[in-house]
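Close look at the chain arrangement
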Amino acid sequence: TDEGAPDRPSEPEYIGTVGDIQAEAVEAFMDSHDKLVLYDALTAGDVEEMQANEATLEALAERARSLAPPLKYERQHEVFASGVGELHEAARLAYGMAADPVAAAELGFDEYDEHVNEASALLQRSNELLGKDYKALGGVREISPEF
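Residues numbered from 1 in each chain as written. Predicted model: local features only at pLDDT ≥ 70, side-chain atom pairs only at ≥ 80, totals over all residues. Heavy atoms only, no water.

**Regarding the confidence of the model for the chain**
Applied cut-off: As a per-residue quantity, pLDDT reports the predictor's confidence and falls between 0 and 100. The secondary structure listing takes helices from DSSP runs of H or I that are at least 4 residues long and strands from runs of E that are at least 2 residues long, numbered from the N terminus.
Here the chain averages 89 in pLDDT, while 91% of its residues score no lower than 70. No element of the chain has a lower mean pLDDT than helix α4 (residues 106-130), at 90, and none a higher one than helix α2 (residues 44-66), at 97.

Shown next, in the form of structure tokens:
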């Protein structure tokens with residue numbers, strides 16, 4: 001049991017915290033993603049916002065990793081923390097491609113899409129393990145140029 005482990009939140013606190021982190025992470029990621037979709041029309045302000053989103057996601061990924069789950073949610077926590085980490089990595093790539101157009105070669109977009117797809121699958125799996133329907137990516141359009 002969790003008795004004697006005061007650093008672990010209660011089950012309702014943990015589940016609520018996961019929902020809060022996931023909602024904020026998906027929102028920050030989607031803001032950057034929506035800008036990246038319009039890559040050719042990015043402004044300097046958009047790039048700054050993408051940098052801020054990347055920093056937010058870095059902090060959220062750390063918060064997700066350091067969250068101590070109740071024992072019954074240890075597997076779910078691994079999936080959840082990995083999902084938020086993938087969102088951060090995708091946002092890092094998005095910002096990098098926006099800030100440096102040379103970095104936006106097809107390979108960068110392909111790698112970005114891989115992180116997005118992985119994050120989507122992990123966050124959906126985390127929701128399933130929790131029995132919740134927290135905000136997820138569902139149906140995010142791939143960025144890779146079609147040839």
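After that view, the rundown keeps rolling.
**Some details on the packing of helix α1 (residues 11-37) against α2**
How we decide: Axis geometry follows a simple rule: fit a line to the C-alpha atoms, using only the stretch in contact for helices, then measure angles between N-to-C directions, giving values from 0 to 180 degrees. Angle categories: roughly parallel below 35 degrees, roughly antiparallel above 145, roughly perpendicular from 65 to 115, and oblique for all the rest. Two helices cross in a left-handed way if the nearer one is turned anticlockwise from the farther one by less than a right angle. They cross in a right-handed way if the turn is clockwise. Contacts are assigned to residue pairs that have any heavy atoms within 4.5 Å of one another. Note on residue classes: Ala, Val, Leu, Ile, Met, Phe, Trp, Tyr, Cys and Pro are nonpolar, Asp, Glu, Lys and Arg are charged, and everything else, Gly too, is polar.
Running from N to C, α1 and α2 point in directions that differ by 155°, and their axes come no closer than 9 Å. Comparing the axis directions of α1 and α2 gives the class roughly antiparallel. Taken as a pair, α1 and α2 cross one another with a handedness that is left-handed. Across the interface between the two elements, T17, I21, E24, A25, A28, F29, D31, S32, K35 and L36 from α1 touch D46, E49, M50, N53, T56, L57, L60, R63 and A64 from α2. Looking at side-chain class alone, the contact of α1 with α2 contains 9 nonpolar, 4 polar and 6 charged residues.

**Some thoughts on the packing of aromatic side chains**
We count it as follows: Each Phe, Tyr or Trp ring (for Trp, its six-membered ring) is paired with any other whose centre lies within 6.5 Å, and the angle between the two planes then decides the class: stacked below 30 degrees, edge-to-face above 60, tilted in between. Any residue under 20% of the maximum accessible area for its type is buried, any over 50% is exposed, and the rest in between are partly exposed; the area is computed with a 1.4 Å probe on protein chains only.
Tallying each qualifying case throughout the model produces 3 aromatic pairs. With centroids separated by 5.7 Å and ring planes inclined at 25°, the aromatic side chains of Y14 and Y73 adopt a geometry described as stacked. On the criterion of sequence distance, the pair formed by Y14 in helix α1 and Y73 in the loop between α2 and α3 (74-99) is long-range, its members being 59 residues apart. The exposure classification of Y14 matches that of Y73, with both residues buried. A ring pair is formed by F29 and Y112, whose centres lie 6.2 Å apart and whose planes are at 20°; its orientation type is stacked. Of this pair, F29 sits in helix α1 while Y112 sits in helix α4, and the two are 83 residues apart along the sequence. For the residue pair F29 and Y112, the accessibility class agrees, reading buried in each case.

**Topic: the pattern of salt bridges**
Where charged atoms of side chains with opposite charge meet at close range, the side chains can pair. As a reminder, the rule being used: Salt bridges are defined by distance alone: a side-chain nitrogen of Lys or Arg within 4 Å of a carboxyl oxygen of Asp or Glu.
This structure, assessed with the given rule, holds 8 salt bridges. Across the salt bridge formed by E11 and K72, the nearest N and O atoms sit 3.6 Å from each other. Of the two residues, E11 is situated in helix α1 and K72 in the loop between α2 and α3; the sequence distance between them amounts to 61 residues. Salt bridges linked by common partners bring D31, K35 and E49 together as one network.

**Observations regarding the packing of α2 against α3**
A pair of packed helices is characterised by two quantities: the angle between their axes and the separation of those axes. It is at 8 Å that the axes of α2 and α3 come closest, and there the two elements cross at 160°. Of the possible angle classes, the one that applies to α2 and α3 is roughly antiparallel. Read as a crossing pair, α2 and α3 show a hand that is left-handed. Tallied by class, residues from the contact of α2 with α3 come to 15 nonpolar, 4 polar and 4 charged.

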